[in-house]
Amino acid sequence: MVFLPVYFRPLQSRVTVDGGNITMRRLNKYITDAGYCSRREADRYIEQGRVTVNGRIAGLGDMVGETDTVEVDGERVGRRTKAPVYIAFNKPVGVTCTTDRSDKTNIVDFIGYKERIFPVGRLDKDSEGLIILTNDGDIVNRILRAGNNNPKEYIVTVDKPVTPEFLSRMAAGVHILGVKTKPCEVRRKNEKTFVIFLTQGLNRQIRRMCNALDYKVVRLKRVRVINITLGSLEPGRWRYFTPEETAGMQAVLAGSSGTEEASNERKASLRRMSKGKKSGSYSEYRSRGKSAARSKTAGDGSRPPITSRAEKGKSAESGKSAESGKSAESSKRVTKIKTADGKRPAGGSRANTGGAKAASQRGARGPKKR
């Protein structure tokens, strides 16, 4: 096993060991490629300390090769040698879309398939309908990534009549979980039922969208994912994809990006943004501002000297100390006086009591003649 810094952990890379090239993959991708579970579930197993590499408890981001021994819960995980399996299952209410055997309602035990398979995405326990299961980890992220715009069709029944305003607001996007959902297509089916086509997969998205508009979902059923439809498949039953369905899905996903491609796209975008900052409008604006400030001239036509922040600080401190010195000297020159009755007037200084002294002298001589 090879350890790489956290900031450089690609999904797959090639390293040279003893003169030969070995393909290294991130641990969660290795487990997914073996058909054990989805990449998200692999990350959860790693975080729970249930994955070991060469007898050592693994960590997120570890890179492994074909010569490493990877085990999940003591069961060895190897490269998939069998043909990929694609299954369409009509999930009934009460079944949980997880491969965790500790959950008594897990979907894997409910189906009881002879080989290890895992669900692509999930449906809420309270929802029903089409869920895809496979041992092919490569298609999972291609199907689920919202950026690929793969449609999923749902039939939803709510607790009160569906209005045109409700349909338009659902279609425009609703604020849930701190974000606004992507615009989508929504059609009225009958008084309290509508059909919605989503390309996102936020947690309990449809239920949260309806709740935000003061509607409550009574029944939610998924009937299509890309080109795979539920058809007449009864609840609790499953079937294999037809050859036409498999070919059609692969054709659609051929133009979609998975996690690795999306990561490369993000890196390229960041590089473009970085280059733009070096020669872009913001940098040009700052340089123009600095040049303009330096080109300003003083009143006599000469250019003012450019002072550093440290020099400006020293100048400000010297100014403050000069002012404080003058204040101290003036306070020493001020003498305290008292009025004729022995009381000190308000302010107490000659400067402040000049008016009071003049008034007392006038009082002794009489009123001032005008």
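Residues numbered from 1 in each chain as written. Predicted model: local features only at pLDDT ≥ 70, side-chain atom pairs only at ≥ 80, totals over all residues. Heavy atoms only, no water.

S.K.: Tell me what's going on with the overall build of the protein chain, and back it up with residues and numbers.
M.R.: A tally of helices and strands in the protein chain yields 11 helices and 18 strands. Within the protein chain, buried positions represent 35% of all 370 residues. Taking as baseline every contact in the protein chain between residues at least 6 positions apart, the subset at least 24 positions apart corresponds to 61%. (Helix = DSSP H or I, 4+ residues; strand = E, 2+ residues; numbered from the N terminus. Buried < 20%, exposed > 50% of the residue type's maximum accessible area, 1.4 Å probe, protein only. Contact = heavy atoms within 4.5 Å.)

S.K.: Outline the packing of aromatic side chains, listing residues and values.
M.R.: Tallied over the entire structure, the rule returns eight aromatic pairs. For the pair tyrosine 113 and tyrosine 240, a centre-to-centre distance of 6.2 Å together with 75 degrees between the ring planes defines the contact as edge-to-face. In this pair, tyrosine 113 sits in the loop between α3 (107-111) and β9 (118-120) while tyrosine 240 sits in strand β18 (residues 238-240), placing the two residues 127 residues apart along the sequence. In this arrangement the basic side chain of arginine 116 is found over the ring face of tyrosine 36, its NZ or CZ atom lying 3.6 Å from the centre. Directly above the aromatic system of tyrosine 215 lies the positively charged group of lysine 160, at a separation of 4.8 Å from the ring centroid. (Phe/Tyr/Trp six-rings, centres within 6.5 Å; stacked < 30°, edge-to-face > 60°. Lys NZ or Arg CZ within 6 Å of the ring centre and 35° of its normal.)

S.K.: Tell me about the sheet that holds strand β3 (residues 51-53), and please be specific about residues and values.
M.R.: Read across the sheet, four strands follow the order β4-β3-β6-β7 without closing on themselves; strand pairing throughout is antiparallel. Across the chains shown, the open sheet's two edge strands, defined by having one partner strand only, are β4 (56-57) and β7 (75-77). The sheet contact formed by β3 and strand β6 (residues 70-72) spans three bridges and is antiparallel. For valine 53, the partnering residue across the bridge sits in β6 and is valine 70. (Pairing = 2+ DSSP bridges.)

S.K.: So what about the pattern of salt bridges? Which residues, and what values?
M.R.: Counted under the stated rule, the structure contains 12 salt bridges. Look at the salt bridges and you will find they share partners, linking Asp124, Arg204 and Arg207 into a network. (Salt bridge = Lys/Arg side-chain N within 4 Å of Asp/Glu carboxyl O.)

S.K.: Residues and numbers for the environment of proline 164, please.
M.R.: One can find proline 164 in helix α5 (residues 164-172). The exposure class assigned to proline 164 is exposed, which follows from its relative accessible area of 69%.

S.K.: I'd like a rundown of unusual backbone geometry, residues and numbers included.
M.R.: Located in the positive-phi region is aspartate 73, a residue other than glycine, with phi close to 55 degrees. If you trace the backbone, aspartate 73 turns up in the loop between β6 and β7. Even without being a glycine, isoleucine 226 presents a positive backbone phi close to 55 degrees. If you trace the backbone, isoleucine 226 turns up in the loop between β16 (217-225) and β17 (228-229).

S.K.: Give a detailed account of the nonpolar core, specifying residues and quantitative values.
M.R.: Note that soluble globular proteins tend to have their nonpolar side chains buried in a common cluster. In terms of nonpolar packing, the biggest core is built from 34 residues, with Ile107, Val156, Phe166, Met170, Phe194, Ile196 and Cys210 touching the most fellow members. Of all elements in the fold, only β8 (86-91), α3, β10 (128-134), β11 (152-158), α5, β15 (193-198), α6 (205-212) and β16 reach the threshold of two or more residues within this core. For valine 156, the residues in contact, after removing those within four places along its chain, are Lys192, Thr193, Phe194, Ile196, Ile206, Val217, Arg219 and Leu220. Ranked by size, the runner-up nonpolar core spans 17 residues in total, among them Ala88, Val120, Met249 and Leu253. (Core = buried A, V, L, I, M, F, W, Y, C linked by side-chain atoms within 4.5 Å.)

S.K.: Any chance you could break down the side chain of asparagine 150 for me, citing the residues and the numbers?
M.R.: Relative to the elements of secondary structure, asparagine 150 occurs in the loop between α4 (138-144) and β11. Looking at asparagine 150, the relative accessible area reads 4%, which means it is buried. At a separation of 2.7 Å, a polar atom in the side chain of asparagine 150 contacts the main-chain carbonyl oxygen of arginine 142. From its side chain, asparagine 150 meets the backbone oxygen of isoleucine 143 in a polar contact 3.3 Å long. (Polar contact = N/O pair within 3.5 Å; in protein donor to acceptor, adjacent residues only side chain to side chain.)

S.K.: Can you explain the pairing of strand β14 (residues 185-190)? Please cite residues and give values.
M.R.: Here β14 runs beside β15; their pairing, made up of five bridges, is antiparallel. By the bridge assignment, valine 186 is partnered in β15 with isoleucine 196.

S.K.: Go over α5, please, and point to the residues and values.
M.R.: Of the residues making up α5, those classed as buried are Phe166, Leu167 and Met170. Looking straight down α5, one finds that the buried residues subtend no more than 100 degrees of arc, so they occupy a single side. Of the residues in α5, the exposed ones pointing more than 90 degrees away from the buried face are Pro164 and Glu165. Contacts from the buried residues of α5 go to β14, β15 and α6. Count one or two residues on from α5 and you reach glycine 173, which has phi positive near 110 degrees. (Arc of directions from axis to C-beta.)

S.K.: Outline the side chain of glutamate 128, listing residues and values.
M.R.: Looking at the secondary structure, you find glutamate 128 in strand β10. Classification of glutamate 128 as buried rests on a relative accessible area of 12%. Engagement of the side chain of glutamate 128 in a polar contact is seen with the side chain of arginine 219, the distance being 2.8 Å. In this structure glutamate 128 touches Lys91, Pro92, Val93, Leu123, Arg219, Leu220, Lys221 and Arg222, once residues within four positions along its chain are discounted.

S.K.: Talk me through the confidence of the model for the protein chain; I want residue IDs and the actual numbers.
M.R.: Atomic detail in the predicted coordinates should be set aside for any region of low pLDDT. Predicted confidence across the protein chain gives a mean pLDDT of 75, with 61% of residues reaching 70 or more. Below a pLDDT of 50 lies the segment residues 2-10, which in the model reaches 11 contacts outside its immediate sequence neighbourhood of four places, other chains included. (pLDDT = per-residue confidence, 0-100.)

S.K.: Any chance you could break down the environment of valine 95 for me, citing the residues and the numbers?
M.R.: When you line up the elements, valine 95 lands in the loop between β8 and α3. Since its relative accessible area comes to 5%, valine 95 is described here as buried. The sequence separation of valine 95 and isoleucine 107 amounts to 12 residues, and the corresponding C-alpha distance is 5.9 Å. Ignoring anything within four residues of it in the chain, the contact list for valine 95 reads Thr105, Asn106, Ile107, Phe110 and Lys125.

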